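Each chain is listed here by its residues.
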Amino acid sequence: MHARKSFVSIAGLSRKDILHLITMAAEAEREPNRKILDGRIVATLFFEPSTRTRLSFETAANRLGAKVIGFSDPKVTSSTKGETLNDTIRMVSNYADVIVMRHYLEGAALYASEIADKPVINAGDGAHQHPTQTMLDLYSIYKTQGTLDDLDICLVGDLKYGRTVHSLIQALRHFSPRFHFVAPRELAMPEVYKQQLTEWGIPFEEHTELDAQAIGSADILYMTRVQRERFQDLAEYEKVKNLYVLRASMLSAARNNMKILHPLPRVNEIAYDVDDTPFAYYFKQAENGLYMREAIICDVLGIKL
Ligand code: NCD
């Protein structure tokens, strides 16, 4: 039996671990259908809404020959009867070989990984982390730039509540990035992450405008959605929801190698006319998620691709 190896936070991954997973994802992309998980069961427990993350995990499991159980809506589960997360996780870990979980509470995945005697994969915990998204973001950056090293990464939008950007900056610390943060003051990158960057000696600049200068100095332009569900006061959301809308006409200053990423779903941040430009990469990025999630499921099970 393999050792239990959960995937709950990006912080514990070394440069070597990240590059290893990228190599595995490339191998999964070369041959996505291989029945190496025949007889295994993957549970997908989604306490928060999801489209891509859940469907790509389930597709990954199916393409590898595993079977999938789970729920996409906690309203149909015993959590509405008051069952604790502890009890749900204990029980599911008796049924499945791997647990993929998204939860609205920060730290829920770590907690689950301490209870379960099967690997737990964090598919997003509140505004905290989204490490599998980060791995597919890194795979996308690697594929489009040919490297992860020494890149200018411009993160735009909701840097306060956006869990994908929190995980991404932590992972990129191994690769000497230069960060440009574009956010309104209300949604600025939290101090705790900025302090980490300072400790690691990683330069970052903060801007409030998405202008030609910000766009022209990026190798990767990472757009994000304002996380409506995390606002206490929806009037505050209304003030900031449409601050940044990227349009094709704004891309004339872009570097030739520049690619636009977005974890999706987009609401208003990227106009449809951007989709037809050579800079748009977000749909391919979502496809890359399938290969990276095949790699991650195999990795936590101790299987090499
Ligand atoms: C992201 C998430 O859930 O954090 N979506 C995703 O997993 N692709 C980003 C978002 O919801 O805005």
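Residues numbered from 1 in each chain as written. Predicted model: local features only at pLDDT ≥ 70, side-chain atom pairs only at ≥ 80, totals over all residues. Heavy atoms only, no water.

### Focus: the packing of helix H5 (residues 131–145) against helix H10 (residues 282–300)
Contact pair H5 / H10: the axes reach a minimum separation of 8 Å and the direction vectors enclose 115°. Handedness of the crossing formed by H5 with H10: right-handed. Contacts between H5 and H10 involve Thr132, Gln133, Met135, Leu136, Asp137, Tyr139, Ser140 and Lys143 from the former and Lys284, Gln285, Asn288, Gly289, Tyr291, Met292, Arg293 and Ile296 from the latter. For the contact of H5 with H10, the class distribution of residues is six nonpolar, six polar and four charged. (Axes fitted to C-alpha atoms, helices over the stretch in contact; angles between N-to-C directions. Helix = DSSP H or I, 4+ residues; strand = E, 2+ residues; numbered from the N terminus. Left-handed = near helix turned anticlockwise from the far one by under 90°. Contact = heavy atoms within 4.5 Å. Nonpolar A, V, L, I, M, F, W, Y, C, P; charged D, E, K, R; others polar.)

### Structural notes on the site of the ligand
Every residue close to the ligand is listed here: Thr53, Arg102, His130, Gln133, Arg163, Thr164, Arg225, Gln227, Pro263, Leu264 and Pro265. In the model, an oxygen atom of the ligand is placed 2.9 Å from a nitrogen or oxygen of the threonine 53 side chain. Here an oxygen atom of the ligand sits 2.8 Å away from a polar atom, N or O, in the side chain of arginine 225. The fraction of the free accessible surface of the ligand (310 Å²) that becomes covered by protein chains is 93%. Here the shell around the ligand is composed, by residue class, of three nonpolar, five polar and three charged. Both domain 1 (15–130 + 289–300) and domain 2 (133–286) contribute no fewer than three residues apiece to the shell around the ligand. (Near = heavy atom within 4 Å. Polar contact = N/O pair within 3.5 Å; in protein donor to acceptor, adjacent residues only side chain to side chain. Areas by Shrake-Rupley, 256 points an atom, 1.4 Å probe, with all protein chains shown as cover. Domains from an automatic or database assignment.)

### Topic: the packing of aromatic side chains
A full pass over the atoms with the stated rule returns six aromatic pairs. A connected cluster of aromatic rings, assembled from ring pairs, spans Tyr161, Phe231 and Tyr237. We note arginine 173 situated over the ring of tryptophan 200; from NZ or CZ to the ring centre the distance is 4.7 Å. (Phe/Tyr/Trp six-rings, centres within 6.5 Å; stacked < 30°, edge-to-face > 60°. Lys NZ or Arg CZ within 6 Å of the ring centre and 35° of its normal.)

### Thoughts on the sheet that holds strand E5 (residues 152–156)
Taken in spatial order, the five strands line up as E7-E6-E5-E8-E9 in an open sheet, and their pairing is parallel. Either end of the sheet is taken by a strand with one partner, and the two such strands are strand E7 (204–207) and strand E9 (259–261). Between one strand axis and the next, the sheet turns through 20° on average, direction left out of account. As paired strands, strand E8 (residues 220–223) and E9 are joined by three bridges and run parallel to one another. Counterpart to isoleucine 220 in the pairing with E9 is lysine 259. Helix H6 (residues 163–172) contacts E5, strand E6 (178–182) and E8 of the sheet and is inclined by roughly 165° relative to E5. (Pairing = 2+ DSSP bridges.)

### With respect to the sheet that holds strand E4 (residues 120–125)
In space, the four strands of this open sheet follow the order E2-E1-E3-E4, with parallel pairing throughout. Each having just a single partner strand, strand E2 (67–71) and E4 make up the two edges of the open sheet. Geometrically, the sheet is characterised by an average inter-axis angle of 15° between neighbouring strands, direction not taken into account. Pairing geometry for strand E3 (residues 98–103) and E4, over four bridges, is parallel. In the strand pairing of E4, isoleucine 99 is matched with valine 120. Here helix H2 (residues 52–63) sits on the sheet in contact with strand E1 (41–46), E2, E3 and E4, set at roughly 175° to E1.

### Regarding the pairing of E5
Each regular strand shows side chains that alternate between the opposite faces of the sheet. Across the five residues that make up E5, a large majority, five, are buried. Where E5 and E6 come together, five bridges link them in parallel fashion. When the bridges of E6 are listed, valine 156 appears paired with valine 182. Considered for its hand, the β-α-β crossover made up of E5, H6 and E6 is right-handed. (Buried < 20%, exposed > 50% of the residue type's maximum accessible area, 1.4 Å probe, protein only. Right-handed = clockwise from strand over helix to strand, strands pointing away.)

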